[in-house]
Amino acid sequence: MGKRQGDQIVSRERVAEHGEVYTGEREVNAMLDLVREETERTDSRFLEPACGNGNFMVEILRRKLAAVNARYGRNRHEWEERAVCALCSVYGIDILEDNVKEARRRLYALLAEHAEKAAGGVSADLEHTAKFILERNVIWGDALTLKTADGSGRPIVFSEWAFIGNGNVKRRDFTLDALLKNTPIKAPNLFSDLGDEAFIPLPVKEYKNVNFLKLSDNEENQLQPRRAVVHRQP
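None of the values given here were measured: they were computed from a predicted structure.

Caption draft 1: Quick look at the pairing of strand E5 (residues 157-165). Relative to strand E6 (residues 168-175), E5 is paired through eight bridges, and the arrangement is antiparallel. From the neighbouring strand, Gly 165 faces E6, where its bridge partner is Asn 168. The antiparallel hairpin formed by E5 and E6 contains two residues in its connecting segment, where Asn 166 sits at a positive phi of about 55°.

Following this line, the structure appears as structure tokens:
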């Protein structure tokens, strides 16, 4: 049974094997309305551990980009920076590879649609950067085992993209296992925006600061990771 527009399942086999049922648009919006202010903050991070083909992530990004359009729509450079920040804040995991590819495609298509309206199109740098981020933020993996689903047995790794001013970004990579298991009780982790102190474990990789449109150029420009720190969310 093929998936049609508006269907909540792809096939009975996938439901039986993976418990895959898509959340409808009405339910997605009703749930996100409960945290409306957070969905409109460009730097408020969201992680969907069973993201499917991206229904929640797409709507979150849509809301964030609407806020970016309203505030920065007249300045292409500022719009691109805040749009990239919004994209950096959306994370997802799914155990099915086709879902991951479709989620990435939908997120990029939404960014491109907004760029066309607000910035006159997608620049080559923006396209390259957006796809680079999506490869690292939407992961083919198993949120139960905290490992990738490609058969390699590697841990799931997410990048923290911290916008530090003047268009520069600080990137640090963390295993999801460390973020979840090493977080002390009552202390939020990388994906918390509660304003409390958050325990940030040792990154597996750390990179030099770089312009937000040159993130992929910095892939091999690593620093030595620092020890675990307690970090206060802004």
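Caption draft 2: Focus on the environment of Glu 160. In this structure, Glu 160 sits in strand E5. Taking the C-alpha atoms as reference points, Glu 160 and Arg 172, 12 residues apart in sequence, are found 5.2 Å from one another.

Caption draft 3: Seen up close, the packing of helix H6 (residues 97-119) against helix H7 (residues 124-137). Relative to each other, H6 and H7 sit at 150°, their axes nearing to 10 Å. Taken together, the axes of H6 and H7 are roughly antiparallel relative to one another. Considering only the axes of H6 and H7, their crossing is right-handed. For the pair H6 and H7, contact is made by Arg 104, Leu 107, Tyr 108, Leu 111 and Ala 115 and by Leu 126, Glu 127, Ala 130, Lys 131, Leu 134 and Glu 135, respectively. Residues that form the contact of H6 with H7 fall into these classes: seven nonpolar, no polar and four charged.

Caption draft 4: Spatial organisation of the confidence of the model for the chain. Averaged over every residue, the pLDDT of the chain is 83; the share at 70 or more is 76%. Low confidence marks residues 1-6, where pLDDT is under 50. Its contacts with residues over four positions away, or in another chain, come to 10 contacts. Confidence drops under a pLDDT of 50 for residues 14-20, and excluding neighbours within four residues, the segment shows 16 contacts in the predicted structure.

Caption draft 5: Quick peek at the packing of aromatic side chains. This structure, assessed with the given rule, holds two aromatic pairs. Ring geometry for Tyr 91 versus Phe 158: centroids 5.2 Å apart, planes at 80°, classification edge-to-face. Of this pair, Tyr 91 sits in strand E2 (residues 90-94) while Phe 158 sits in strand E5, and the two are 67 residues apart along the sequence. As far as burial versus exposure is concerned, Tyr 91 and Phe 158 are alike and both buried. Arranged with centres 6.3 Å apart and planes meeting at 70°, the rings of Phe 132 and Trp 161 form a pair that is edge-to-face. Highlighted residues: Phe 132 in helix H7 and Trp 161 in strand E5, separated in sequence by 29 residues. The class for Phe 132 is buried, based on a relative accessible area of 9%. Given a relative accessible area of 5%, Trp 161 falls into the buried group. The aromatic ring of Phe 163 is capped on one face by Arg 82, whose charged end is 5.9 Å from the ring centroid. Lying over the aromatic face of Tyr 207, Arg 171 brings its terminal NZ or CZ to 4.1 Å of the ring centre.

Caption draft 6: Representation of H7. Here H7 is 14 residues long and its end C-alpha atoms lie 20 Å apart, about the 20 Å a rise of 1.5 Å per residue gives. When H7 is considered as a whole, its buried residues turn out to be Leu 126, Thr 129, Ala 130, Phe 132, Ile 133, Leu 134 and Asn 137. Where H7 is buried, its residues touch helix H5 (76-88), E2, H6, strand E3 (138-142), E5 and E6.

What counts, and where the lines are drawn
Residues numbered from 1 in each chain as written. Predicted model: local features only at pLDDT ≥ 70, side-chain atom pairs only at ≥ 80, totals over all residues. Heavy atoms only, no water. Pairing = 2+ DSSP bridges. Helix = DSSP H or I, 4+ residues; strand = E, 2+ residues; numbered from the N terminus. Axes fitted to C-alpha atoms, helices over the stretch in contact; angles between N-to-C directions. Parallel < 35°, antiparallel > 145°, perpendicular 65-115°, else oblique. Left-handed = near helix turned anticlockwise from the far one by under 90°. Contact = heavy atoms within 4.5 Å. Nonpolar A, V, L, I, M, F, W, Y, C, P; charged D, E, K, R; others polar. pLDDT = per-residue confidence, 0-100. Phe/Tyr/Trp six-rings, centres within 6.5 Å; stacked < 30°, edge-to-face > 60°. Buried < 20%, exposed > 50% of the residue type's maximum accessible area, 1.4 Å probe, protein only. Lys NZ or Arg CZ within 6 Å of the ring centre and 35° of its normal. Expected span 1.5 Å × (residues − 1).

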